Amino acid sequence: MQLKHIAFLTLSAVSTFAMAEGFDVVVVGSGGAGLSSAITAKESGATVVVLEKMAYIGGNSNFASGGMNAAGTKQQLAAGVTQDSPELFYKDTMKGGHNLNNPALLKTLTENAKYAEEWLVDLGAKFCFRKGRGGGQSIARGHGPCDGSAVGPEILRVLTERAAKDGIAIRTENQVVKIVMKNGAVAGVEVKTEDGVKTIDARAVVLATGGFGANQAMVTKYRPELKGFSTTNHPGALGEGIKLGEDVGASLTDIEQIQIHPSVIKRDGHLISESMRARGAIMVNQKGERFCNELLTRDVVSQHVLKQPGGYAYLIYDQSIFDSNKLSRGYYKDGYSVKAENLDELAQKIKVPAKTLKATFAAYKKAYDTQKDTAFGRPEMVIALDKAPYYAAQITPGIHHTMGGLTINTKAEVQSKAGKSIPGLFAAGEVTGGVHGGNRIGGNAVADIVTFGRIAGKDAAAYAKAH
Ligand code: ADP
């Protein structure tokens, strides 16, 4: 009892005695990583505020359209998928990331994603298991809203509801421009608001500022060949957290590892979710021919698409996929896909030779019937793709995820160039590097932001308590 009382006094000290406003933990960024972190820090007894530079909350997490990967969840087991394990999850992710992933971080992710998923479900997320594996997965392990809608809005719904219940303030149009250090440790942040720049004291700061996929200059600095690519990122994904960390001596990991996603609408960078392929969609080129196993990893599929005439392809799916994936309705309503009553009409609409397109579909049906894709080795065909009407979206690769960023350890502590934890500085989510290596597997971003967001929140609160 007495001990608890002392801890409470310590935690409140910043706001009681300092001139500036103060919190135990300041979380920078209101995406999935920031909100998971803020809620967990609060649950751990810390006072918390979330600072968000944009006028809206959620960052790129708003657009997480696929699912959340986790091995060994109740939903996965109930669906009869019993052969998955953290070890297999690790193996798939390491292979998909070209063995560049930090082993300790990846182990933390693959062992804890299941608990992150359970936590979201406890917070009220209506999650079901998603049949159909994504690119680079040897087994299906996706989870998402039971109605087939996108995962991002659902996690933001439960996280914001919980944050409100916990009384956590999320201040929009609050841009953190500097991390304040005192005697080698984090002491607060400088934040720019419409009233000017002010200082907020903090015992610990969690950087959850996302990636830099919308920062053309930064993308081309590390990867000049990506000049001119469209981006799926929200306009606030500018890599500010990376700069904030670097300014206080943080080291960077894999910063040049930038993922291009194969299915992006050229004109505005709108993402067509990988879950469409997981549910059975195929891709054809201008000649009406398939050209690769659609379940290869994003980087490899992107390279295949870029090699096709014109550097684009058509993602084609039938009514059964349309019905099973709510995202399809949006693609159609918003004019990203065309609809046709049969393959002849589709061929005419997308201007590919009808004869070849029909032959492609006949060959695919045969592969489905025998469950053997002799042409391209697609490992899973969940749908015969023969239920008219048909839909097609013209897609091309676009900048999607920045795998590199601030170096962290398994406690989400930001590491200095000398390999030491910077006292009081934590980071989680896309702002960090090392979890995904050279290529992120679809469905692993949500697993990452919630898993490491919770770790950062818990450890930042513990640090605040101890300092
Ligand atoms: P993650 O998936 O890692 O949670 P998101 O992109 O979903 O990343 O969220 C990151 C959030 O951080 C975005 O809402 C973005 O606007 C916000 N952000 C980025 N830089 C700053 C900054 N300097 N100050 C405050 N918020 C920031």
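Our subject is the structure that appears above.
Residues numbered from 1 in each chain as written. Predicted model: local features only at pLDDT ≥ 70, side-chain atom pairs only at ≥ 80, totals over all residues. Heavy atoms only, no water.

(A) Representation of the overall build of the protein chain. A count of helical and extended segments in the protein chain gives 15 helices and 19 strands. Against the compact-globule benchmark of 23 Å for 467 residues, the protein chain has a radius of gyration of 23 Å, which places it among compact chains. Structurally, the protein chain occupies a C-alpha span of about 80 × 45 × 40 Å along its principal axes. By the burial criterion, 60% of the 467 residues in the protein chain qualify as buried. For the protein chain, restricting intrachain contacts to residue pairs at least 6 apart in sequence, the fraction spanning at least 24 positions comes to 73%. (Helix = DSSP H or I, 4+ residues; strand = E, 2+ residues; numbered from the N terminus. Rg over C-alpha atoms; globule rule 2.2 N^0.38 Å. Buried < 20%, exposed > 50% of the residue type's maximum accessible area, 1.4 Å probe, protein only. Contact = heavy atoms within 4.5 Å.)

(B) Broad picture of the sheet that holds strand E3 (residues 68-69). Strand order across the open sheet formed by three strands is E3-E5-E4, with antiparallel pairing between neighbours. What marks the edges here is a single partner per strand, and that holds for E3 and strand E4 (127-130). Of the pairings in the sheet, the one linking E3 to strand E5 (residues 142-145) comprises two bridges and is antiparallel in character. Within E5, the residue paired with Asn 69 across the bridge is Gly 142. (Pairing = 2+ DSSP bridges.)

(C) Seen up close, the packing of helix H5 (residues 103-122) against helix H15 (residues 444-466). H15 packs onto H5 with a crossing angle of 90° between their chain directions and a minimal axis gap of 8 Å. When the axis of H5 is compared with that of H15, the two are roughly perpendicular. Along the contact surface, H5 presents Leu 105, Thr 108, Leu 109, Asn 112, Ala 113, Tyr 115, Ala 116, Trp 119 and Leu 120, while H15 presents Ala 447, Asp 448, Val 450, Thr 451, Phe 452, Arg 454 and Ile 455. The class makeup of the residues in the contact of H5 with H15 is 11 nonpolar, three polar and two charged. (Axes fitted to C-alpha atoms, helices over the stretch in contact; angles between N-to-C directions. Parallel < 35°, antiparallel > 145°, perpendicular 65-115°, else oblique. Nonpolar A, V, L, I, M, F, W, Y, C, P; charged D, E, K, R; others polar.)

(D) Here's a closer look at the nonpolar core. In terms of nonpolar packing, the biggest core is built from 86 residues, with Val 26 and Leu 120 touching the most fellow members. At 11 residues, H15 tops the list of elements feeding residues into this core. When residues no more than four places from it in sequence are discounted, the contact partners of Leu 120 are Met 68, Ala 125, Phe 127, Ile 155, Val 158, Leu 159 and Val 450. The next biggest cluster of nonpolar side chains, apart from the first, holds 40 residues, and it includes Cys 292, Leu 327, Leu 346 and Leu 385. (Core = buried A, V, L, I, M, F, W, Y, C linked by side-chain atoms within 4.5 Å.)

(E) Just the site of the ligand, in detail. Taken together, 25 residues are adjacent to the ligand, and Glu 52, Asn 60, Ser 61, Glu 240 and Glu 430 come closest. Within the contact set of the ligand, an oxygen atom lies 3.0 Å away from a backbone nitrogen or oxygen of Ala 33. Backbone polar atom of Asn 60 to an oxygen atom of the ligand: 2.9 Å apart, as the coordinates give it. Within the complex, the protein chains bury 98% of what would otherwise be the 580 Å² of accessible surface of the ligand. Within the residue set of the shell around the ligand, elements represented by two or more residues are helix H2 (32-43) and strand E7 (175-182). (Near = heavy atom within 4 Å. Polar contact = N/O pair within 3.5 Å; in protein donor to acceptor, adjacent residues only side chain to side chain. Areas by Shrake-Rupley, 256 points an atom, 1.4 Å probe, with all protein chains shown as cover.)

(F) Representation of helix H14 (residues 354-370) in the model. If you check H14, its first and last C-alpha atoms are 24 Å apart, about what 17 residues at 1.5 Å a residue would give, namely 24 Å. Residues of H14 that are buried: Leu 357, Thr 360, Phe 361, Tyr 364 and Ala 367. Taken down its axis, H14 places every buried residue within 120° of arc, on the same side. Among the exposed residues of H14, those oriented more than 90 degrees off its buried face are Lys 355, Lys 366 and Thr 370. (Expected span 1.5 Å × (residues − 1). Arc of directions from axis to C-beta.)

(G) A look at the state of the cysteines. Overall, the coordinates contain one disulfide when judged by the stated rule. Covalent S-S linkage joins Cys 128 and Cys 146, the inter-sulfur distance amounting to 2.1 Å. Every disulfide takes its handedness from the sign of the S-S torsion; for Cys 128 and Cys 146 that torsion is 95°, giving right-handed. One end of the pair, Cys 128, is in strand E4; the other, Cys 146, is in the loop between E5 and helix H6 (151-165), with 18 residues separating them in the sequence. (Disulfide = S-S within 2.5 Å.)

(H) Local environment of the sheet that holds strand E10 (residues 252-253). Spatially, three strands are ordered E10-E16-E19 in an open sheet, and the strand pairing comes out mixed. Taken across any chain shown, the strands that pair with only one partner, and hence form the sheet edges, are E10 and strand E19 (432-433). Note: E10 against strand E16 (residues 405-407), two bridges, orientation antiparallel. Residue pairing across strands places Thr 253 opposite Gly 405, the latter belonging to E16.

(I) Fine view of the environment of Thr 47. With respect to the secondary-structure elements, Thr 47 resides in the loop between H2 and strand E2 (48-51). Expressed as a C-alpha distance, the spacing of Thr 47 and Tyr 312, which sit 265 residues apart in the sequence, is 50 Å.

(J) Here's a closer look at the environment of Ala 375. Structurally, Ala 375 is set in the loop between H14 and strand E15 (390-402). Judged by relative accessible area, Ala 375 falls into the exposed class, the value being 57%. In the structure, Ala 375 is positioned 83 residues away from Cys 292 in sequence and 8.4 Å away in space, judged by C-alpha atoms.

(K) Spotlight on the packing of aromatic side chains. The tally for this structure, following the rule as stated, stands at seven aromatic pairs. Between the aromatic rings of Tyr 317 and Tyr 391, the centroid separation amounts to 5.6 Å while the plane-to-plane angle is 10°, which identifies the pairing as stacked. With Tyr 317 in strand E13 (residues 313-318) and Tyr 391 in strand E15, the pair connects residues that are 74 residues apart, well separated along the chain. The class of Tyr 317 is buried, set by a relative accessible area of 0%. Judged by centre distance (5.9 Å) and plane angle (80°), the ring pair of Tyr 332 and Tyr 391 falls under edge-to-face. Of the two residues, Tyr 332 sits in helix H12 (residues 327-333) while Tyr 391 sits in strand E15, which places them 59 residues apart along the sequence. (Phe/Tyr/Trp six-rings, centres within 6.5 Å; stacked < 30°, edge-to-face > 60°.)

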